[in-house]
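Residue-level listing of the chains:
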Amino acid sequence: MSILRLLRWGTTRSPWLLHFNTGGCNGCDIEVLAAITPLYDPERLGVKLTPSPRHADILIVTGVVTKKVAERLKRIYDQIPEPKVVIAVGTCAISGGVFRGSYSHAHGVDKVIPVDVYVPGCTPRPDMIIKGIVEAVRILNEKARKIVQEAPVR
């Protein structure tokens, strides 16, 4: 199967999520996990967690980006195949939150990797995280269509 056929198929596929905690209080991690439990059941729509960045479509980042974890976050981002979308969940991931200005704080996620969707709050509710995932799926489909349109016809 050609890569173009795969990308055309990919515009309707189910997104796989990779959750990466960069540090912090774990409040947002608990809410992300709550958002994918049977209570909200996003798996019925095809949304699944994956343990490997090579299988992920969407990267969900929670917690404070410390200087030590910034390089690892960039490396994980680079391992995710195109098209990909990044969601920054929580105040800590977006701006550092209560840890802002700390000696180990390396700024928000968007200073390390490009972020497509922001889910603000300390801690954001699961329904807001699901809303962010829905927005990320929309962006993912747009990116996949753009890659297909820009690809040379053979």
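Residues numbered from 1 in each chain as written. Predicted model: local features only at pLDDT ≥ 70, side-chain atom pairs only at ≥ 80, totals over all residues. Heavy atoms only, no water.

A. Here's a closer look at the overall build of the chain. Broken down by element type, the chain carries five helices and five strands. Start at the N end of the chain and walk to the C end: the helices and strands fall as α-β-α-β-β-α-β-α-β-α. Here the C-alpha atoms of the chain give a radius of gyration of 16 Å, agreeing with the 15 Å that 2.2 N^0.38 yields for 154 residues. Projected onto its principal axes, the C-alpha coordinates of the chain cover approximately 55 × 35 × 20 Å. Of all 154 residues assigned to the chain, the portion counted as buried reaches 45%. Averaged over its 21 positive side-chain charges, the chain has a centre that lies 5 Å from the centre of its 14 negative ones. (Helix = DSSP H or I, 4+ residues; strand = E, 2+ residues; numbered from the N terminus. Rg over C-alpha atoms; globule rule 2.2 N^0.38 Å. Buried < 20%, exposed > 50% of the residue type's maximum accessible area, 1.4 Å probe, protein only. Lys, Arg positive; Asp, Glu negative; His and termini not counted. Charge placed at Lys NZ, Arg CZ, Asp CG, Glu CD.)

B. Seen up close, the state of the cysteines. As enumerated under the stated definition, the model contains zero disulfides in all. Not engaged in a disulfide, the cysteine Cys 92 finds its nearest cysteine sulfur in Cys 122; these two sulfurs lie 5.7 Å apart. Here Cys 92 falls in the buried class, since its relative accessible area comes to 12%. Cys 122 gets classed as exposed once you look at its relative accessible area, which sits at 66%. (Disulfide = S-S within 2.5 Å.)

C. Geometry of the confidence of the model for the chain. The share of residues in the chain with pLDDT of 70 or more is 90%, and the mean pLDDT across the chain is 86. The low-confidence segment residues 1-7, where pLDDT is below 50, has eight contacts with residues more than four positions distant or belonging to other chains. (pLDDT = per-residue confidence, 0-100. Contact = heavy atoms within 4.5 Å.)

D. Quick peek at the pairing of strand 3 (residues 58-62). Taken across its five residues, strand 3 has five buried, putting it largely inside the fold. A two-sided burial pattern is seen for strand 3, the buried positions comprising Ile 58, Ile 60 and Thr 62 on one face and Leu 59 and Val 61 on the other. As paired strands, strand 1 (residues 16-21) and strand 3 are joined by five bridges and run parallel to one another. Each bridged residue has a counterpart across the sheet, and for Asn 21 the counterpart in strand 3 is Thr 62. (Pairing = 2+ DSSP bridges.)

E. Layout of the pattern of salt bridges. Applying the stated criterion across every chain yields a total of eight salt bridges. Residues Arg 75 and Glu 71 are paired through a salt bridge, measuring 3.7 Å at the closest nitrogen-oxygen approach. Of this pair, Arg 75 and Glu 71 both sit in helix 3 (residues 67-79), separated by four residues, roughly a single helical turn. Here Glu 135 ties to Arg 138 by a salt bridge, and the two come within 2.4 Å at their closest N and O atoms. With Glu 135 and Arg 138 both in helix 5 (residues 126-150) and three residues apart, this pair spans about one turn of that helix. A single salt-bridge network, built from bridges that share partners, covers Glu 135, Arg 138 and Glu 142. (Salt bridge = Lys/Arg side-chain N within 4 Å of Asp/Glu carboxyl O.)

F. Geometry of the packing of aromatic side chains. Per the stated rule, a full pass over the model turns up zero aromatic pairs. In this structure, Lys 84 packs its charged tip against the face of Tyr 77, placed 4.0 Å from the ring centre. (Phe/Tyr/Trp six-rings, centres within 6.5 Å; stacked < 30°, edge-to-face > 60°. Lys NZ or Arg CZ within 6 Å of the ring centre and 35° of its normal.)

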